[in-house]
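Next come the chains, spelled out residue by residue.
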Amino acid sequence: AEEEGGKFDEYLAEAAEVRENNPNNLCARFLTPELFYSYSPEEQEVLYQITRTGVENPSSGTGCYAMKPDDYQTFAKFFDQVIKAYHKPAAKNPVHVTDWDASDVGNNGVLDMTELGLDELSMRVRVGRNLTSFNLPGLMTREERVEFEKTMLPAFDKLISMEEYGGRVYSLTPEFGPGEPNPNKISDAEYKKLVDEHIMFKDMDADPYLKSAGISSDWPYGRGCYVSEDRQFIIWFGEEDHLRIMCMKKGTKLNEVFDRLREALSVVESLPGIEFATSKKYGYVTSCPTNLGTGMRASVHIKLPNLTADGTDTKAKAVAKPLGLSVRGIGGEHTPIGKDGTVDISPSARLFIKEKEIIAALYNGIEALMKEEQAAA
Ligand code: ADP
Ligand code: CIR
């Protein structure tokens, strides 16, 4: 065929080998030479960057990240297949709808865990958001990462001036440029403390999937977070998505973190320099196709001593999966469970589901999971 001798032949042969040996790797499953070479030489360079993580890490489940806000459109032939296989939409032509009005879920909008016989839990709701005006993190240069951080500063200044959201910026960027110091720079010890408090994200350089995708490149330039005075409203910048916006607190009413995030988001959206990238088909654009749609993960830290009696999350995961719940460790994705059997649980669905349905699914999921926990005694 005319593709013979193409620049990416060796790469695509490697992908074919991964496809053969790792049937769960969605990137490799759909990355064929026919598909790859149907794009222009310029687009091929981007598709290479999009798919590298799946080819270099055969054990990947998804194995690809978007590099530009409109990649889900440009590379629809590829991403549509990955997204369909991962999100398994129930409808033939699914439409993603955004709806944050949770006033009719639970008990008149109240999702109170004391009604499930539970005490205070650590609750968190986050959304991933990206700006239309920058490449996604996998394709950003060091200069662009710093430029992006500087773009966010006027927006953060605006938040600092507000009663409800006032706080400060913590940045890991060593300096903005030669002779241009970073006024928000924190020490390694301060960074470590923020990670331990679940406020700041982990060292991304340690994640092989993010590394292959270029998402952790230039670490720690352009990385940091905004934290409100009460420590419950947080914006990460420069992680897997340009922004991860979240509310977190210990309490019993899930709707409190959800509703506060809803309000905070409308404020953030109105700030200077902020325009969130969206896709007609897939809602809010995120680097990872698993997060598309709502970009939302709503979680609690909860003790499941019976389901984790063997010291692992194996049984908890098996029980949680049919309930539509994911189980993570207490330090987040790819971390171990707590010594006392505490795990992080969250509804798995992000796309073709409404925001209000996610928070209701967390509440109902906790109820169902606690029954399984008691049955495992
Ligand atoms: P993300 O939630 O953004 O996908 P991670 O799973 O890596 O990313 O979690 C990021 C951080 O948030 C970790 O420190 C994790 O422990 C913390 N976290 C997640 N859910 C909760 C929660 N309900 N309470 C406290 N911390 C949480
Ligand atoms: C994989 O494909 O297994 C990794 N790239 C992780 C995918 C999970 N999504 C994510 O971390 N956002």
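Here, every reference points to the structure presented above.
Each value, and the rule that gives it
- Residues numbered from 1 in each chain as written.
- Chains lettered and ligands numbered in written order.
- Predicted model: local features only at pLDDT ≥ 70, side-chain atom pairs only at ≥ 80, totals over all residues.
- Heavy atoms only, no water.
- Helix = DSSP H or I, 4+ residues; strand = E, 2+ residues; numbered from the N terminus.
- Rg over C-alpha atoms; globule rule 2.2 N^0.38 Å.
- Contact = heavy atoms within 4.5 Å.
- Lys, Arg positive; Asp, Glu negative; His and termini not counted.
- Charge placed at Lys NZ, Arg CZ, Asp CG, Glu CD.
- Buried < 20%, exposed > 50% of the residue type's maximum accessible area, 1.4 Å probe, protein only.
- Patch = residues over 30% accessible without salt bridge, like charges linked within 9 Å, V, L, I, M, F, W, Y side chains within 5 Å.
- Areas by Shrake-Rupley, 256 points an atom, 1.4 Å probe, with all protein chains shown as cover.
- Salt bridge = Lys/Arg side-chain N within 4 Å of Asp/Glu carboxyl O.
- Pairing = 2+ DSSP bridges.

**Remarks on the overall build of the protein chain**
Okay, so step 1: Scanning the protein chain for helices and strands turns up twelve helices and twelve strands.
Okay, so step 2: Whereas a compact globule of 377 residues would reach a radius of gyration of roughly 21 Å, the protein chain reaches 21 Å, a difference of no more than 12%.
Okay, so step 3: For the protein chain, the spread of C-alpha atoms along the three principal axes comes to 65 × 55 × 40 Å.
Okay, so step 4: For the protein chain, contacts bridging at least 24 residues in sequence account for 70% of all contacts bridging at least 6.
Okay, so step 5: Taking the average location of the 43 positive side-chain charges in the protein chain and that of its 60 negative ones, the two points are 3 Å from each other.

**Observations regarding the environment of glutamate 163**
Okay, so step 1: Looking at where glutamate 163 falls in the secondary structure, it is placed in the loop between α7 (142-160) and β2 (167-171).
Okay, so step 2: Residue classification places glutamate 163 among the exposed positions, given a relative accessible area of 83%.
Okay, so step 3: In this structure, the C-alpha to C-alpha distance between glutamate 163 and serine 228, residues 65 residues apart in sequence, is 9.8 Å.

**Here we look at a negative patch on the surface**
Okay, so step 1: A surface patch of negative charge is lined by Asp9, Glu10, Glu14, Glu17 and Glu20.
Okay, so step 2: Here glutamate 10 lies in helix α1 (residues 9-21).

**Section: the pairing of strand β12 (residues 342-347)**
Okay, so step 1: Along β12, six of the six residues are buried, which leaves the element largely enclosed by surrounding structure.
Okay, so step 2: Side chains of β12 alternate between two faces, with Thr342, Asp344 and Ser346 and Val343, Ile345 and Pro347 buried alike.
Okay, so step 3: Pairing geometry for strand β10 (residues 296-303) and β12, over four bridges, is antiparallel. If you follow valine 300 over to β12, its bridge partner there is isoleucine 345.

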